[in-house]
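Structural overview
Below, each chain spelled out in residue letters.
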Amino acid sequence: MRFRSKIVDISCLNHFTRIVNTITKLTKVCTLRLTVNNLYFIITDKVANGGVSMWCELSQGNFFDMYQMEGVCAEQNEIFLELVPENFSRALKTAQNAKSVKIKLTNKHCPCLTLAVELPSLSSISRIVTHDIPVSVIPRRLWNDFKEPSVPDFDVSIYLPALKTMKNVVERMKNLSNFIVIEANRNGEINMKIETDLVSVSTHFKDLGNPPWISEDICQNACEERDVNSMAEARIDIRKLLQFLAGQQVNPSKAICNIVNKRMVHFILLHEDVSLQYFIPALA
C-alpha cells in the first residue's frame, strides 16, 4: 500500500483545511477512504442505534497537484484508514501560509499519515515542519461496513434556509429542550418546533423551494401520492443538529434536507468539489 500527494495551491489548501475542520467538529474518530479519483471521510455510527452517520466525498483532482496511490491489490485499489480528524486539523493549522504540503502514508513505529509542510523562508533554505498523524489501517474484511449510505425513500425534500440563520434559531431553542421537531412539505415550507410541558416555540420558513428529484428510482410514488401541503416530520436530538450546523465550514452552494417521516433527517451539502451527507435518526 502506498499513498503520497501534494497540495501547492493555497486556496485548495485552505478549502481542504476547512473541510477537515468541519469533520473535526462532527466526530472524534472517522474513516478516511482513498481511491484513485476520490477521498472520502466517513462516520458510520449505526443510525439504527441512534447514532449519526456521515459521508463526505472530495474529488482529488480539485485539491491535489500530485496524487499517487496503490491500494491493497489491483482488484481492490483502495486504502481505508481510521484517524482522529482533530490531529489532522491541528497539523493543517501550521500550513496556513505554506508553499506546499506533502501528505504521505508512512510507517514510523505505527502507520502514520505524515504531513511535510514547507513554510516560506527568508533564506534560500526552506523550512519543513513535519507532523506524524497515527492511523489504523482497516482490514479488507471490514470494508463493507463503510459503504456509501443509500439515500432513503424520503417523504419530503426541501432546500434549507441559510445555515447560519438556522444555527441561530436552533442555538436559542437548545436551552429550552433536548429535542427538536423538523417538519417540511412539498410547498417550500419548513418548520422547526420544540414542545415541552412549559413552552412551545416554532420558527417557520417558506418559499424555500423543493429540489427536482423526481426520478424513476427516488421517491417517485411516495412524492406523487403526497399532498404538497402535508408535512413530513422527524423529532431529533437537538445537540446533534446543532453540532452539524455549528461545524459547517464548507460554504455549500446548495443545502438540502430530506425527511423520512418519523424515521430520519438526511442533510446534503453540495459545493462544486465536495458533497457532504449527514444522517440523523428520529427519536420516538
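The shown structure was predicted, so the numbers you read here are calculated from the model rather than taken from an experiment.

Cut-off values and rules
- Residues numbered from 1 in each chain as written.
- Predicted model: local features only at pLDDT ≥ 70, side-chain atom pairs only at ≥ 80, totals over all residues.
- Heavy atoms only, no water.
- Pairing = 2+ DSSP bridges.
- Helix = DSSP H or I, 4+ residues; strand = E, 2+ residues; numbered from the N terminus.
- Axes fitted to C-alpha atoms, helices over the stretch in contact; angles between N-to-C directions.
- Contact = heavy atoms within 4.5 Å.
- Buried < 20%, exposed > 50% of the residue type's maximum accessible area, 1.4 Å probe, protein only.
- Salt bridge = Lys/Arg side-chain N within 4 Å of Asp/Glu carboxyl O.
- Arc of directions from axis to C-beta.
- Core = buried A, V, L, I, M, F, W, Y, C linked by side-chain atoms within 4.5 Å.

It is worth spelling out the sheet that holds strand β12 (residues 179-184) at this point. Here four strands make up an open sheet; going across it, the order is β14-β13-β12-β15 and the pairing antiparallel. Two strands lie at the open edges of the sheet, namely β14 (200-205) and β15 (232-237), each paired on one side alone. Going from strand to strand, the sheet's axes swing by 20° on average, the running direction of each strand aside. Bridging between β12 and strand β13 (residues 190-195) involves four bridges; their strand directions are antiparallel. What sits directly across from Glu-183, in β13, is Asn-191. Sheet contacts for helix α3 (residues 163-173): β12, β13 and β14; angle to β14, the most-contacted strand, approximately 175°.

One non-glycine residue, His-109, adopts positive backbone phi at about 65°. Inspection of the secondary structure assignment puts His-109 in the loop between β7 (100-108) and β8 (110-119). For Asp-207, which is not glycine, the phi dihedral falls at a positive 60°. Take Asp-207: it is sitting in the loop between β14 and α4 (220-225). Overall, Asp-207 belongs to the exposed group, its relative accessible area being 70%.

Time to look at the sheet that holds strand β4 (residues 53-59). What links the strands of a sheet is backbone hydrogen bonding, and the strands pair in either a parallel or an antiparallel sense. The nine strands lie next to each other as β10-β6-β2-β3-β4-β18-β17-β16-β11, forming an open sheet whose pairing is antiparallel. A strand with exactly one partner marks an edge of an open sheet, and here the two such strands are β10 (136-137) and β11 (156-159).

All right, on to the pattern of salt bridges then. Within this structure, the stated rule accounts for eight salt bridges. The closest approach of N and O atoms between Glu-86 and Arg-90, which form a salt bridge, is 2.9 Å. Highlighted residues: Glu-86 and Arg-90, both in helix α2 (residues 85-93), separated by four residues, approximately one helical turn. Glu-86 sits in the partly exposed class, given a relative accessible area of 40%. Of the charged contacts, one joins Lys-99 and Glu-118 as a salt bridge, the two residues approaching to 3.6 Å between their closest N and O atoms. On the criterion of sequence distance, the pair formed by Lys-99 in the loop between α2 and β7 and Glu-118 in strand β8 is long-range, its members being 19 residues apart. Accessibility expressed as a relative area gives 45% for Lys-99, which makes it partly exposed.

For α3, the complete set of buried residues consists of Leu-163, Met-166, Val-169, Val-170 and Met-173. Projection of α3 onto a plane perpendicular to its axis shows the buried side chains occupying an angular sector of 125°, all on one side. In α3, the exposed positions angled more than 90 degrees off the buried face are occupied by Lys-164 and Arg-172. Those residues of α3 that are buried lie in contact with β12, β13, β14, α5 (238-246), β16 (254-260) and β17 (264-271).

Residue position: Val-29 is located in the loop between α1 (10-26) and β2 (30-34). For the pair formed by Val-29 and Leu-208, sequence separation is 179 residues and the distance between their alpha carbons is 34 Å. Every residue in contact with Val-29, bar those within four places of it in the chain, is listed here: Glu-82, Leu-83 and Pro-85.

This paragraph deals with the environment of Glu-272. Here Glu-272 shows up in the loop between β17 and β18 (274-281). You can call Glu-272 exposed: its relative accessible area is 74%. C-alpha of Glu-272 to C-alpha of Ile-103: the two residues are 169 residues apart in sequence and 23 Å apart in space.

A word on the nonpolar core. Phe-16, Phe-41, Phe-88, Leu-113 and Phe-267 are the most contacted members of the largest nonpolar core, which totals 74 residues. Broken down by element, this core gets its largest block of residues, seven residues, from α1. Non-local contacts of Phe-267, meaning those with residues more than four positions away in its chain, are made with Leu-160, Ile-182, Leu-241, Phe-244, Ile-256, Cys-257, Leu-276, Gln-277, Tyr-278 and Ile-280.

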